[in-house]
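Structural description and commentary
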Amino acid sequence: MSLYAIHYVYDERAAEREEMRPVHRAWMLGLAELGIAKVFGRYEDDSEPGALLVFDADGPEEVEAMLAQDPYQKAGLVVRHSVRTWPAGGPWTA
């Protein structure tokens, strides 16, 4: 298993994202319960809207398959994303 940093870029439909947020969060929390989603959250600065997710998975293909199930992705609210191997360290990675 390896850690993967996922960077989401959202489109301009903030109201639709907010409306769908409980469903998206429930999906993320389900992955957290499985030990896959390690940390996740939206950016709250003035840059382009987006989020950072960190998943523990067997490979980038597995991450992409999971992301395809994200309610935000299915609704077209994510205009692009990247998946990068992230060999992070620290107490929460143990």
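Above: the structure in question.
Residues numbered from 1 in each chain as written. Predicted model: local features only at pLDDT ≥ 70, side-chain atom pairs only at ≥ 80, totals over all residues. Heavy atoms only, no water.

Side note on the layout of surface pockets
Counted as a void, the largest pocket has a volume near 280 Å³. Lining the largest pocket are 16 residues, and of these Tyr10, Arg17, Arg21, Arg42 and Tyr72 lie nearest its centre. Its residues assigned to classes, the lining of the largest pocket shows 8 nonpolar, 3 polar and 5 charged. (1 Å grid on protein atoms, 1.4 Å probe; cavity = no way out; pocket = protein on both sides within 12 Å on 5 of 7 lines; lining within 4 Å. Points joined across faces, edges and corners; volume = space filled by probe spheres on them. Nonpolar A, V, L, I, M, F, W, Y, C, P; charged D, E, K, R; others polar.)

A look at the side chain of Asp56
Among the secondary structure elements, Asp56 is positioned in strand E3 (residues 50-57). Among the polar contacts made by the side chain of Asp56, one reaches the main-chain amide nitrogen of Ser2 at a distance of 3.5 Å. (Helix = DSSP H or I, 4+ residues; strand = E, 2+ residues; numbered from the N terminus. Polar contact = N/O pair within 3.5 Å; in protein donor to acceptor, adjacent residues only side chain to side chain.)

What about the pairing of strand E1 (residues 2-10)?
Walk down a regular strand and you will see the side chains alternate between the two sheet faces. Burial within E1 is extensive, with 7 of its 9 residues counted as buried. Here E1 runs beside E3; their pairing, made up of 8 bridges, is antiparallel. Opposite His7, over in E3, you have Leu52 as the bridge partner. Sheet topology note: the E1/strand E4 (residues 78-85) ladder contains 7 bridges and is antiparallel. Bridging across to E4, His7 finds its partner in Ser82. (Buried < 20%, exposed > 50% of the residue type's maximum accessible area, 1.4 Å probe, protein only. Pairing = 2+ DSSP bridges.)

Remarks on the pattern of salt bridges
Going through the model one piece at a time under the given rule, you end up with 6 salt bridges. Between Glu16 and Arg13 there is a salt bridge, with the nearest N and O atoms lying 3.1 Å from each other. On the basis of relative accessible area, Glu16 is assigned to the partly exposed category, the value being 41%. In this structure Arg13 comes out as partly exposed when scored by relative accessible area, which is 24%. The network of salt bridges with common partners includes Asp11, Arg13, Glu16 and Arg17. (Salt bridge = Lys/Arg side-chain N within 4 Å of Asp/Glu carboxyl O.)

Focus: the sheet that holds E4
Taking strand neighbours across the sheet as the criterion, the 4 strands line up as E2-E3-E1-E4 in an open arrangement whose pairing is antiparallel. Strands with a single pairing partner mark the edges of an open sheet, and in this sheet they are strand E2 (37-42) and E4. In this sheet, adjacent strand axes meet at a mean angle of 15° when their direction is disregarded. The sheet contacts of helix H1 (residues 14-33) involve E1, E2 and E3, and relative to E2 the element is tilted by about 165°. Here helix H2 (residues 60-67) sits on the sheet and contacts E1, E3 and E4; the angle it forms with E3, its principal contact strand, is near 130°. (Axes fitted to C-alpha atoms, helices over the stretch in contact; angles between N-to-C directions. Contact = heavy atoms within 4.5 Å.)

Some words on a nonpolar patch on the surface
Side chains of Val39, Trp86 and Trp92 sit close together on the surface and give an oily, nonpolar patch of about 290 Å² of accessible area. Tracing the chain through its elements places Trp86 in the segment after E4. (Patch = residues over 30% accessible without salt bridge, like charges linked within 9 Å, V, L, I, M, F, W, Y side chains within 5 Å. Areas by Shrake-Rupley, 256 points an atom, 1.4 Å probe, with all protein chains shown as cover.)

Focus on the nonpolar core
Side chains of nonpolar character tend, in soluble globular proteins, to be buried together. In terms of nonpolar packing, the biggest core is built from 19 residues, with Ile6, Tyr8, Leu31, Leu53, Phe55, Val63 and Leu67 touching the most fellow members. When contributions to this core are tallied by element, the ones reaching two or more residues are E1, H1, E3 and H2. Setting aside residues up to four positions removed in sequence, Leu67 forms contacts with Ile6, Tyr8, Trp27, Leu53, Phe55, Gln73, His81 and Val83. (Core = buried A, V, L, I, M, F, W, Y, C linked by side-chain atoms within 4.5 Å.)

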